[in-house]
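# Results of the structural survey
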Amino acid sequence: MLSSLQQHAIAASRHYQVYTRPEKPCLYRKRRPGIVVRAVATENLEKSSKIVTSSTASFPILVNGCTGNMGRSVAESIISAGLTLVPVSFSGREKPGGKIKVGNVDVTIHGSEEKETVLSSVINQFTELIVVDYTVPDAVNANAEIYCKLGVPFVMGTTGGDREMLYETVKSSDVYAVISPQMGKPVVAFLAAMDIMAEQFPGAFSNYHLEVMESHQASKLDTSGTAKAVVSSFRKLGVSYDVRRIRKYRDPMKQLQMIGVPEEHLGSHAFHFYCLTSPDDSVSFEFQHNVCGHKMYAEGTVDAAIFLHKKVQDKADQKLYDMIDVLREGNMR
Ligand SMILES: NC(=O)C1=CN([C@@H]2O[C@H](COP(=O)(O)OP(=O)(O)OC[C@H]3O[C@@H](n4cnc5c(N)ncnc54)[C@H](OP(=O)(O)O)[C@@H]3O)[C@@H](O)[C@H]2O)C=CC1
Ligand SMILES: O=C(O)C1=N[C@H](C(=O)O)C[C@H](O)C1
């Protein structure tokens, strides 16, 4: 009998056949042209006077982690959405120097020890600033503390770190934030459905056996935050499962041969698979979401930033949000 993982591998490769069909390449379907690009390239940031963005549609966003996969992708989506990309970002390296070009914006990369001083100066120069964080798990808590200390609203897409401490940091500050390990709206809808099921039918999967596996690019440092969120719903549904049991795949050979990740997406994919089996093995459920590339998360992140900007402008009472709140608001582009 095939193990559920082998069955998954077969299903995944079948799926691959489907979505790479040349006549219907849904992954690569062209989007409608975006809103006009309105990136403000602000050379000589130090010299410029305060940049005021009066219209809701053009508030400035600083992306922390612009040299990474997600940071760059979000920066590109900000420009495509006609928002203002602040030409400053941070890196884990102490003295990175240099600039990277995103669209027509030259983004200066600063070292992590300069974060607080540089960010304070950006806050003084850009009104209505929102920060987006796509860095590394080890930087999550320190970064959130800086944002809260400086009073800048932020979207935290980075996974890992001490999540409880992260929420505490925000709650004990006066800062608006969207925090979510998953910014891809269809996957967020799946997470929401699991959460609603857990809320309405607690114990529906009592004593079921759970297997979870996730596969990501080899550079991913932590266990999937999304898988952990799904497990937390399954636990409410009556399953006993420790997130340390989640099987992580980071080896490109296994991803290619066993899981069926398309070769061109080995460097950027997120495949998740959950299998629930009844105690007597007579019933099984399988859930799977496979994402290639980063665009979906980048676009969701821009929606989260637009949502957060509105909450700040409206002086909303609630300050801490997740992506389910963003989805519920229903004001997606
Ligand atoms: N919420 C969501 O939907 C998604 C979340 N993610 C999460 O986002 C995070 C980033 O992923 P990804 O872009 O693939 O990772 P990368 O490794 O590609 O990028 C990490 C970035 O963080 C920078 N960095 C490292 N240390 C620090 C630091 N101390 N301060 C500031 N910047 C730092 C790196 O700069 P340098 O290399 O120059 O040091 C680099 O720019 C991960 O936690 C990932 O799980 C990813 C996809 C979707
Ligand atoms: O690192 C990634 O790539 C991703 N990270 C997030 C997670 O840990 O859940 C979301 C998605 O899986 C992509």
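Every chain begins its residue count from 1, and numbering advances along the sequence as written. Chain labels run from A onward and ligand labels from 1 onward, assigned in the order the entries are written. This being a predicted model, a pLDDT of at least 70 is required before a residue's local features are given, and a value of 80 or more before pairs of side-chain atoms are given or counted; all residues contribute to the totals for chains, interfaces and linings.

Going by an unreviewed UniProt entry, the protein carries the name 4-hydroxy-tetrahydrodipicolinate reductase and comes from Carex littledalei. The annotation that UniProt attaches to the protein under Pathway (unreviewed entry) is "Amino-acid biosynthesis; L-lysine biosynthesis via DAP pathway; (S)-tetrahydrodipicolinate from L-aspartate: step 4/4." UniProt positions are given in the numbering used here, feature names are shortened, and annotations may be inferred rather than shown by experiment. UniProt, in its Function (unreviewed entry) section for the protein, records the words "Catalyzes the conversion of 4-hydroxy-tetrahydrodipicolinate (HTPA) to tetrahydrodipicolinate."

### Remarks on the overall build of the protein
A run of DSSP states H or I qualifies as a helix once it reaches four residues; a run of E qualifies as a strand once it reaches two. Both are numbered from the N-terminal end. Within the protein, the regular secondary structure consists of ten helices and 13 strands. For every residue, the other C-beta atoms within 10 Å of its own C-beta are counted; 20 or more classify it as buried, 12 or fewer as exposed, and values in between as partly exposed. C-beta atoms are placed from the backbone. A total of 333 residues make up the protein; the buried ones form 38% of that total. Contact definition: two residues whose C-beta atoms, as placed from backbone geometry, lie within 7 Å. Counting contacts in the protein only where the partners sit at least 6 residues apart, residues at least 24 apart contribute 68% of the total.

### Details of the sheet that holds strand β10 (residues 247-249)
In spatial order, the strands read β10-β9-β11-β12; together these four strands make up an open sheet with mixed pairing. Pairing within the sheet leaves two strands with one partner each, and these edge strands are β10 and β12 (284-292). Here the average twist between neighbouring strands, direction ignored, is 10°. The pairing criterion for strands is at least two bridges between them, as found by DSSP. Pairing of strand β9 (residues 209-216) with β10, which is carried by three bridges, proceeds in the parallel orientation. Residue pairing in the sheet places Met 213 in a bridge with Arg 247 of β10. This element, helix α7 (residues 225-236), spans β9 and β11 (269-277) of the sheet and lies at about 165° to β9. What counts as an axis is a line fitted to C-alpha atoms, over the stretch in contact for a helix, and the angles between N-to-C directions run from 0 to 180 degrees.

### With respect to the site of ligand 2
Every residue lining ligand 2 is accounted for by Thr 159, Pro 181, Gln 182, His 216, Lys 220, Ser 224, Gly 225, Thr 226 and Ala 270. All amino acids are sorted into three groups, where Ala, Val, Leu, Ile, Met, Phe, Trp, Tyr, Cys and Pro are nonpolar, Asp, Glu, Lys and Arg are charged, and the leftover types, Gly among them, are polar. Tallied by class, residues from the shell around ligand 2 come to two nonpolar, six polar and one charged. We call a residue near a molecule or strand if the C-beta atom, set from the backbone, is within 6 Å of it.

### Digging into the UniProt feature "domain: Dihydrodipicolinate reductase C-terminal" (unreviewed entry) in the protein
UniProt feature "domain: Dihydrodipicolinate reductase C-terminal" (unreviewed entry): in the numbering of this structure it lies at residues 187-327. Across residues 187-327, the secondary structure splits into 41% helix and 22% strand, with the terminal C-alpha atoms separated by 11 Å.

### So, the environment of Thr 277
Topologically, Thr 277 is positioned in strand β11. When residues no more than four places from it in sequence are discounted, the contact partners of Thr 277 are Tyr 208, His 209 and Ser 284.

### Thoughts on the site of ligand 1
Near ligand 1 lie 30 residues; those nearest to it are Gly 68, Met 70, Ser 91, Gly 92 and Met 183. For the shell around ligand 1, the residue count by class is ten nonpolar, 18 polar and two charged.

### Regarding helix α9 (residues 295-313)
For a helix, the expected span equals 1.5 Å multiplied by the number of residues minus one. Here α9 contains 19 residues, and its C-alpha end-to-end distance of 27 Å stays within 8% of the 27 Å for a straight helix at 1.5 Å per residue. Trailing α9 by a residue or two, Lys 315 shows a phi angle of about 50°, which is positive.

### Brief notes about the domain arrangement of the protein
Where each domain starts and ends follows an automatic or database-derived domain assignment. Looking at the protein, the domain boundaries give domain 1 (4-28 + 184-293) and domain 2 (56-175). Across the boundary between the two partners, domain 1 contributes four residues, which contact five residues of domain 2. Among the residues forming the side of domain 1 that touches domain 2, the class breakdown is one nonpolar, two polar and one charged.

### Side note on the UniProt feature "domain: Dihydrodipicolinate reductase N-terminal" (unreviewed entry) in the protein
Here the UniProt-annotated "domain: Dihydrodipicolinate reductase N-terminal" (unreviewed entry) positions come out as residues 60-183. A helix fraction of 35% and a strand fraction of 24% characterise residues 60-183, whose end C-alpha atoms lie 20 Å from each other.

### Some remarks on the nonpolar core
Within soluble globular proteins, side chains that are nonpolar generally end up buried alongside one another. Buried Ala, Val, Leu, Ile, Met, Phe, Trp, Tyr and Cys residues whose C-beta atoms connect them within 7 Å together make up a nonpolar core. Counting residues in hydrophobic clusters, the biggest one holds 79 residues, and the most contacted among them are Ile 61, Ile 130 and Val 178. The greatest single-element share of this core, amounting to eight residues, is contributed by α9. Beyond its immediate chain neighbours, meaning those up to four positions away, Ile 61 contacts Ile 78, Leu 83, Thr 84, Leu 85, Val 86, Ile 130, Val 132 and Ala 305.

### So, the sheet that holds strand β2 (residues 84-85)
Strand order in the open sheet formed by six strands is β2-β1-β6-β7-β8-β13, and the pairing between neighbours is parallel. This sheet does not close on itself; its edge strands, each paired only once, are β2 and β13 (320-321). Inspection of the sheet shows strand β1 (residues 60-64) paired to β2 by two bridges, in the parallel sense. Within β2, the residue paired with Pro 60 across the bridge is Thr 84. Sheet strands touched by helix α2 (residues 69-80): β1, β2 and β6 (130-133). Its angle to β1, the strand with the most contacts, is close to 170°. Contacting β1, β6, β7 (154-156) and β8 (177-179), α9 runs over the sheet at an angle of about 150° to β6.

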